Amino acid sequence: MEASSGHQLMAETLGKFVSLVSKRLPDDVMAKLTELKGIETEPLAKSLYACMFENMEKAESLNRPTCQDTGVIQFFVRAGAKFPYLGELRGILKEATILSTKQAPLRLNAVEPFDEKNTGTNVGTKVPWIEWDIVSDDDSVEIEVYMAGGGCSLPGRSIVLPPLAGYEGAVKFVFDTIVEWGINACPPLTVGVGIGTCSTSAAKLSKMAMLRKLGSSNPHPRAAEMERRIQEGLDAIGLGPQGISGHRSVLGVHVEGMAHHPSVLGVGVTVGCWANRHGIIQFNKNLQYTMISHQGVEL
Ligand code: SF4
């Protein structure tokens, strides 16, 4: 069956948006990097930040991705049940990935499991990875794209703690993870922490926490306090830009939680690197789009 013109239009628009995200960091990440750049005082840390900003200028002027590792493409979809292209969305997301891979161009990062062969398209078994959230009584869709690089995916892990470990155990797990692995993820880091009931739910919540807008806090005062304390502790370690030491380690620490089984506490950690390439775009039912994460640019 031939794709409708709406299907094609959405795939092309989304493909352009994925390419944009690969080349331009979202506004909140840019603002936080600018802030942290101004805080560092040591020559090496200052020169690393200068290098990052020159890299971003070059990405824009030369129309190339911000990092050679364009990651594995992941989509987080919050779709209205009445969005007219809901049934076609999976195919649209795949086509957008292939289009962006050719147009941007993106490095080829999808390796088939067990055969260990690169597909050459950035599309493969369950890739692009898609997480769905269906909203009733809505005819629009919000799509968040994230480019999961190798280095920033490396520290990701989750664990299920026994009852007595408590929140102290959760915080220890976060610090052990970042101290051991954070340097591989090109700091300054965005650290997402998920408090769940099993390893899967904790891991998913940690990814959603990592993607949350920088500068936002969890609305629960205790969770917000946990975010603040973990951030202070991680900054005190002083990873600095690219781990060469400095006054700051993180762009932000975000915690998300869910009701959990009383006898266990699932804890997940997901880390984003300084080049935290993600972006949000909304489409209405007529496929008119609004970019939420990137202002002042056009597709
Ligand atoms: S961690 Fe991020 S900045 Fe570093 S190589 Fe990977 S994608 Fe690029």
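Residues numbered from 1 in each chain as written. Predicted model: local features only at pLDDT ≥ 70, side-chain atom pairs only at ≥ 80, totals over all residues. Heavy atoms only, no water.

As recorded in an unreviewed UniProt entry, the protein chain goes by the name L(+)-tartrate dehydratase subunit alpha, listed as coming from Wolinella succinogenes. Its UniProt record, at the heading Catalytic activity (unreviewed entry), says of the protein chain: "(2R,3R)-tartrate = oxaloacetate + H2O". Regarding the protein chain, the UniProt comment filed under Cofactor (unreviewed entry) reads as follows: "iron-sulfur cluster". (UniProt positions renumbered as here; feature names shortened; annotations may be inferred.)

Chemist: I tried to follow the sheet that holds strand 5 (residues 189-196) on my own but got confused; where do I start?
Modeler: The strands making up a sheet associate through backbone hydrogen bonding, with each pair oriented either parallel or antiparallel. Ordered by their spatial adjacency, 4 strands build an open sheet running 4-7-5-6, and the pairing between neighbours is mixed. This sheet does not close on itself; its edge strands, each paired only once, are strand 4 (157-161) and strand 6 (250-257). When the angles between neighbouring strand axes are averaged without regard to direction, this sheet yields 15°. Pairing analysis gives 7 bridges linking strand 5 to strand 6, with the strands arranged parallel. Note that in strand 6 the partner of leucine 189 across the bridge is valine 250. Running at roughly 30° to strand 7 (residues 265-272), helix 6 (residues 166-181) makes contact with strand 4, strand 5 and strand 7 of the sheet. (Pairing = 2+ DSSP bridges. Helix = DSSP H or I, 4+ residues; strand = E, 2+ residues; numbered from the N terminus. Axes fitted to C-alpha atoms, helices over the stretch in contact; angles between N-to-C directions. Contact = heavy atoms within 4.5 Å.)

Chemist: When you look at the domain arrangement of the protein chain in this model, what are you seeing that I'm missing?
Modeler: The accessible area lost on association of the parts is a frequent measure of interface size. Segmenting the protein chain into domains produces domain 1 (5-23 + 66-149 + 277-291) and domain 2 (151-272). Taking the mean C-alpha position of each, domain 1 and domain 2 sit 26 Å from one another. The partner domain 2 presents 10 residues to the 10 residues of domain 1 that form the contact. Carbon and sulfur atoms supply 56% of the area buried between domain 1 and domain 2, which totals about 770 Å² over both sides. In this structure, the connection of domain 1 to domain 2 is made through 1 salt bridge. Here glutamate 131 ties to lysine 204 by a salt bridge, and the two come within 3.2 Å at their closest N and O atoms. (Domains from an automatic or database assignment. Buried area = accessible area lost by both parts, 1.4 Å probe. Salt bridge = Lys/Arg side-chain N within 4 Å of Asp/Glu carboxyl O.)

Chemist: Explain helix 7 (residues 199-211) here, please?
Modeler: Since the α-helix turns once every 3.6 residues, residues separated by three or four places project in the same direction. Between its terminal C-alpha atoms helix 7 stretches 19 Å, which fits the 18 Å expected from 13 residues at 1.5 Å a residue. For helix 7, every residue scored as buried is listed here: Ser201, Ala202, Leu205, Ser206, Lys207, Ala209, Met210 and Leu211. Where helix 7 is buried, its residues meet strand 1 (72-80), strand 3 (141-148), strand 5, strand 6, strand 7 and strand 8 (278-283). (Expected span 1.5 Å × (residues − 1). Buried < 20%, exposed > 50% of the residue type's maximum accessible area, 1.4 Å probe, protein only.)

Chemist: Sorry, what's going on with the state of the cysteines here?
Modeler: Cysteine pairs can be covalently joined through their sulfur atoms, and such a bond is termed a disulfide. Inspection of every chain in the model, using the stated rule, returns 0 disulfides. Summary of cysteine pairing: cysteine 51 is not part of a disulfide, and the nearest cysteine sulfur, belonging to cysteine 186, is at 12 Å. Overall, the relative accessible area of 48% leaves cysteine 51 in the partly exposed class. (Disulfide = S-S within 2.5 Å.)

Chemist: In this structure, what is going on with the environment of glutamine 282? I would like to understand it.
Modeler: As for its position among the elements, glutamine 282 is in strand 8. In this structure the C-alpha to C-alpha distance between glutamine 282 and glutamate 144, which are 138 residues apart in sequence, comes to 8.7 Å. For glutamine 282, the residues in contact, after removing those within four places along its chain, are Val141, Glu142, Gln288, Tyr289, Thr290 and Ile292. Polar side-chain contacts of glutamine 282 include one of 3.1 Å to the side chain of glutamate 142. (Polar contact = N/O pair within 3.5 Å; in protein donor to acceptor, adjacent residues only side chain to side chain.)

Chemist: Hey, could you run me through unusual backbone geometry in this one?
Modeler: For residues besides glycine, phi is generally negative; the peptide bonds are generally trans as well. For the peptide bond that leads from alanine 104 to proline 105, omega is -15°, which places it in the cis range. Structurally, the position occupied by proline 105 is in the loop between helix 4 (89-103) and strand 2 (129-135). For the bond running from valine 127 to proline 128, omega is 5°, close enough to zero to count as cis. Relative to the assigned elements, proline 128 resides in the loop between helix 4 and strand 2. Despite not being glycine, serine 245 has its phi angle at roughly 85°, a positive value. Take serine 245: it is sitting in the loop between helix 8 (221-237) and strand 6.

Chemist: Help me out: how do you make sense of the UniProt feature "domain: Fe-S hydro-lyase tartrate dehydratase alpha-type catalytic" (unreviewed entry) in the protein chain in this one?
Modeler: Within the UniProt annotation, "domain: Fe-S hydro-lyase tartrate dehydratase alpha-type catalytic" (unreviewed entry) is assigned to residues 14-279. End C-alpha to end C-alpha, residues 14-279 measures 11 Å, and it is 40% helix and 21% strand.

Chemist: Teacher, can you tell me more about helix 3 (residues 43-61) here?
Modeler: Counted at 1.5 Å a residue, the expected span for helix 3 with its 19 residues is 27 Å, and the 26 Å between its end C-alpha atoms agrees. When we look at burial in helix 3, the residues that qualify are Ala45, Tyr49, Met52, Phe53, Met56 and Ala59. For helix 3, the buried positions fall inside an angular range of 115° around the axis, keeping them on one side. For helix 3, exposure combined with an orientation more than 90 degrees from the buried face picks out Pro43, Glu57 and Ser61. Phi for asparagine 63, located one or two positions after helix 3, is positive at around 55°. (Arc of directions from axis to C-beta.)

Chemist: Just checking my understanding: could you explain the site of the ligand for this structure?
Modeler: Residues in contact with the ligand, as listed here, are Cys67, Gln68, Asp69, Gly151, Cys152, Ala185, Cys186, Cys273, Trp274, Ala275 and Arg277. Residues lining the shell around the ligand come from more than one domain, with at least three contributed by each of domain 1 (5-23 + 66-149 + 277-291) and domain 2 (151-272). (Near = heavy atom within 4 Å.)

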